[in-house]
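A structural walkthrough
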Amino acid sequence: MFFRKLLAATLLLAAASASVAETWPSKPIRFVVAAPGGSSLDVIARTIGDKLKDRIGQPIVIENIPGGAGTIATGNVARAAPDGHTWLMSYNGPLAYTQFLTRLPYDPQKDLVPVIQTSSQPNVLAVSSDVPVKTVGELISYAKQRPGKLNYASVGNGSSSHLTMELFKTMTNSFIVHIPYNGAPPAALSLMTGETQILFSVPSVIMPQIKSGKIKALAVTSPSRFSLLPDLPTVAEAGLPGFESITWNGVLVPRGTPADIVQRLNADIDSILKQADVKARFNNAGLETAGGSADAFRSLLAAEAKKWEPIIRRTGAKID
């Protein structure tokens, strides 16, 4: 009797999901962005939304919900109805890092379904103009000869700039003091004034200062050279083999969203990301388009959480 009821319930749920998928979308889409308007995440969502609205035949309403290091927006979507009408544009922090820094009201790997990775970008390893090094190898030697005497800036505890430097310290067995700042502009300013000596930052934030000679760029953190900065070597090729740290973004939906909807969204967005004008707009924001399958994005989330958990535990960092 129990198994009959279980089978009946399963068939009923499958039928309901199929019905939702067949009539989807039946109303405007709520596309939640885990960042403020004007941010690179906002650019991604609006670009995709503009391209996708005609394909699905419904308006796509962008809703920016910044704050909580991306966890407010991410949690909001995790609790939404799984009917395909609520999407999330989020990034590695609230999806792979923050679960080890504080208690979250959602489980990033259980309460959300990955749809597609939309973009990626490396961090740039930069140093103050008065630091007498020109390569990653020289920086490693310089830091190891001065344990505790150099400061590095970050855009805050648990940020990519923070954790990337902690990975650098772990792999080089060096001691460099962390100075967290409230965002990228003050972190970059600290490097220009010499208050800090080292910074990992996304390219768009510090390229003006690099071009003006106020700070020096040594390398990028991607596994291969970044197409938008082809003259910069990777950290791995410039003195630290195996080093890799990228920031990435993607679209997710609430757990329970019908698989047919997820597959259609993946195919449509993947096609959009291949368009030349979309690639150009992403490049202008300092991003490379990504794409690929939903399974590939799911694997990325799991791999990133596994990679960064021990680094985060080692720092002892917490956020409220």
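Just above, that's the structure.
The paragraphs below set out a description of the structure included in this document. (Residues numbered from 1 in each chain as written. Predicted model: local features only at pLDDT ≥ 70, side-chain atom pairs only at ≥ 80, totals over all residues. Heavy atoms only, no water.)

Of regular secondary structure, the chain possesses 11 helices and 11 strands. Taking 20 Å as the expected radius of gyration for a compact globule of 320 residues, we find that the chain reaches 21 Å, a close match to that expectation. Dimensions along the principal axes, computed over C-alpha positions, put the chain at roughly 70 × 45 × 30 Å. Residue pairs in contact within the chain that sit at least 24 positions apart in sequence constitute 78% of those at least 6 positions apart. Only carbon and sulfur atoms are counted for the fraction: they give 55% of the accessible area of the chain, which is about 14,200 Å². Placing the 31 positive and 24 negative side-chain charges of the chain at their respective mean positions leaves the two points 4 Å apart. (Helix = DSSP H or I, 4+ residues; strand = E, 2+ residues; numbered from the N terminus. Rg over C-alpha atoms; globule rule 2.2 N^0.38 Å. Contact = heavy atoms within 4.5 Å. Areas by Shrake-Rupley, 256 points an atom, 1.4 Å probe, with all protein chains shown as cover. Lys, Arg positive; Asp, Glu negative; His and termini not counted. Charge placed at Lys NZ, Arg CZ, Asp CG, Glu CD.)

Here helix α9 (residues 259–273) is 15 residues long and its end C-alpha atoms lie 21 Å apart, about the 21 Å a rise of 1.5 Å per residue gives. Taken together, the buried positions of α9 are occupied by Ile261, Val262, Leu265, Asn266, Asp268, Ile269, Asp270, Ile272 and Leu273. (Expected span 1.5 Å × (residues − 1). Buried < 20%, exposed > 50% of the residue type's maximum accessible area, 1.4 Å probe, protein only.)

Turning to the nonpolar core, a few remarks are in order. Among the nonpolar cores identified, the biggest contains 81 residues, and Phe31, Leu52, Trp87, Met89, Leu125, Phe168 and Ile198 are the most heavily contacted of them. Counting residues per element, this core draws most heavily on helix α11 (residues 294–315), which supplies eight residues. Aside from chain neighbours lying at most four places away, what touches Ile198 is Leu125, Ala126, Val127, Leu139, Leu150, Asn151, Tyr152, Ala153, Met165, Ile176 and Leu191. (Core = buried A, V, L, I, M, F, W, Y, C linked by side-chain atoms within 4.5 Å.)

On inspection of all chains with the given rule, the structure shows 13 salt bridges. A salt bridge links Glu166 to Lys169; the nearest nitrogen and oxygen atoms lie 3.2 Å apart. Within this pair, Glu166 and its partner Lys169 are both found in helix α6 (residues 160–172), separated by three residues, close to a single helical turn. Its salt-bridge partner being Glu309, residue Arg313 comes within 3.1 Å of it at the nearest N-O pair. (Salt bridge = Lys/Arg side-chain N within 4 Å of Asp/Glu carboxyl O.)

Summarising the element assignment, Asn284 is placed in helix α10 (residues 276–284). On the basis of relative accessibility, which here comes to 72%, the residue Asn284 falls in the exposed class. For the pair Asn284 and Glu166, spaced 118 residues apart in the sequence, the C-alpha separation amounts to 29 Å.

Turning our attention to unusual backbone geometry. With an omega dihedral of -5°, the bond running from Trp24 to Pro25 counts as a cis peptide bond. Structurally, the position occupied by Pro25 is in the loop between α1 (2–23) and β1 (29–33). In this model, Ala69 sits at a positive phi of 55°, which is unusual for a non-glycine residue. Position of Ala69 among the secondary structure elements: in the loop between β2 (60–64) and α3 (71–78). Positive phi is not limited to glycine here, since Asn173 has a value of about 55°. Position of Asn173 relative to the elements: it lies in the loop between α6 and β7 (177–180). What makes Asn173 exposed here is its relative accessible area of 64%.

The next point concerns α11. When the terminal C-alpha atoms of α11 are compared, their 32 Å separation across 22 residues agrees well with the 32 Å that a helix rising 1.5 Å per residue should span. Taking the largest bend as the criterion, α11 deviates by roughly 30°, centred on Trp308, and proline Pro310 comes between one and four positions later. Among all positions of α11, only Ala294, Phe297, Leu300, Leu301, Glu304, Ala305, Trp308, Ile311 and Ile312 are buried. Looking at the buried residues of α11, the elements they touch are α4 (92–97), β4 (112–122), α6, β10 (246–254) and α9. Immediately downstream of α11, the backbone of Gly316 shows phi near 70°, a positive value. (Bend = angle between axes of the 7 residues up to and from the residue.)

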